[in-house]
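# Examining the three-dimensional arrangement
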Amino acid sequence: MDFTELTTEPIDITSVARRAVPPECGATVTLDGYARRFTKDKATGETNETEYLVYEAYEPMALKEMGKLVERAKKEFEISNVGIVHRLGRLEIGETSVVISVAAPHRRAAFAACEWLIKELKRTVPIWKKEVYANGEAWIEGEVTEEPPPGQPA
Amino acid sequence: MLIRLLFFGATADAVGSRKLELEIDENTSAGTLIAQIIQQHPSLATHKLLIAVNEQYADADMILNDGDRVAVFTAVSGG
């Protein structure tokens, strides 16, 4: 089955992966995205040491956008099922922030779809990350890519 | 007409609120509304802002309707 969820509880990666598996599949590719301690500031080149992270979502819209990604992935790749779970609230360093599991009859499509899904999630799903440092905090703003999300005011 | 404004993350911090109700004129576009909000909260101007109307990404020229939920936020950073 497909599923998209937001949770403030720790994510059990194995159970996300298993829930995505149907009988006709030969491989599940699972991305485990987690909170990183050291982040390089793209503007200044300085490395920031993060103490913990806070994720916030526009929850109803985030779930809709995640659902759209699953629909599009299933049209564009030869895959059977997708599960996406994103964590919200406070996360300690090393805790899982997002899990994407893609089950497919053959692994190649599952790898490609999983890569596409995380790239699009980071671009379109309304979730924001705040990095908290020893001496301050900052909301991280996504990169503006060559293909900006719709709705960008001129 | 009355619209509901929603802010998240950096925009909530800049505005000092997560939810506001605002009376606006008929035929106001999303872009015009954002310009009004930036006038009231100039620190928003340093951000690249995105708009969603009723939980869908919207362009700046979209005309708003009574009761719309208009979310104003920075480029997303989940994952």
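Residues numbered from 1 in each chain as written. Chains lettered and ligands numbered in written order. Predicted model: local features only at pLDDT ≥ 70, side-chain atom pairs only at ≥ 80, totals over all residues. Heavy atoms only, no water.

## Topic: the interface of chain A and chain B
Chain A puts 33 residues into the contact, and the matching count from chain B is 27 residues. At the boundary of chain A with chain B, total buried surface from both sides reaches about 2600 Å², with 57% on carbon and sulfur atoms. On inspection of chain A and its partner chain B, the count reaches 2 salt bridges. The residue B:E55 makes a salt bridge to A:K64 at a minimum N-O spacing of 2.8 Å. Counting residues per element, the ones that place at least two in the side of chain A that touches chain B are β4 (47-57), α2 (59-76), β7 (96-104), α3 (107-124) and β8 (127-133) of chain A. Looking at the side of chain A that touches chain B, its residues break down into 19 nonpolar, 6 polar and 8 charged. (Contact = heavy atoms within 4.5 Å. Buried area = accessible area lost by both parts, 1.4 Å probe. Salt bridge = Lys/Arg side-chain N within 4 Å of Asp/Glu carboxyl O. Helix = DSSP H or I, 4+ residues; strand = E, 2+ residues; numbered from the N terminus. Nonpolar A, V, L, I, M, F, W, Y, C, P; charged D, E, K, R; others polar.)

## Focus: the confidence of the model for chain B
Here chain B averages 96 in pLDDT, and 100% of its residues register 70 or above. When pLDDT is averaged over each element of chain B, strand β5 (residues 69-74) of chain B comes out on top at 98 and helix α2 (residues 30-40) of chain B at the bottom at 95. (pLDDT = per-residue confidence, 0-100.)

## Remarks on the side chain of A:E131
Residues and elements named next belong to chain A. Looking at the secondary structure, you find E131 in strand β8. Notably, E131 is buried but unbridged: the nearest opposite-charge side chain belongs to K129, and the N-O separation is 4.2 Å. Of note is the side chain of E131, whose polar atom sits 3.4 Å from the side chain of T39. Residues in contact with E131, not counting those within four places in the same chain, are T39, T50, Y52, L53, G136, E137, A138 and I140. (Buried < 20%, exposed > 50% of the residue type's maximum accessible area, 1.4 Å probe, protein only. Lys, Arg positive; Asp, Glu negative; His and termini not counted. Polar contact = N/O pair within 3.5 Å; in protein donor to acceptor, adjacent residues only side chain to side chain.)

## Observations concerning α2(B)
Residue and element names in this part refer to chain B. Within the sequence span of α2, burial applies to A30, L33, I34 and I37. End-on view of α2: buried residues confined to an arc of 100°, all on one side of the axis. Where α2 is buried, its residues contact β1 (2-7), β2 (19-23), β3 (49-53) and β5. (Arc of directions from axis to C-beta.)

## Some points on unusual backbone geometry
Residue and element names in this part refer to chain B. For N54, which is not glycine, the phi dihedral falls at a positive 50°. As for its placement among the helices and strands, N54 is situated in the loop between β3 and β4 (56-57). Under the relative-accessibility criterion, N54 is labelled partly exposed at 26%.

## Concerning the packing of aromatic side chains
According to the stated counting rule, one finds 5 aromatic pairs over all chains in the structure shown. Considering the side-chain rings of A:W128 and B:F8, the 5.2 Å spacing of their centres and the 15° angle between planes classify their relative orientation as stacked. A residue pair is termed interchain when its members come from two chains, as with A:W128 in strand β8 and B:F8 in the loop between β1 and α1 (9-15). Per residue, the accessibility class of A:W128 equals that of B:F8, and both read buried. (Phe/Tyr/Trp six-rings, centres within 6.5 Å; stacked < 30°, edge-to-face > 60°.)

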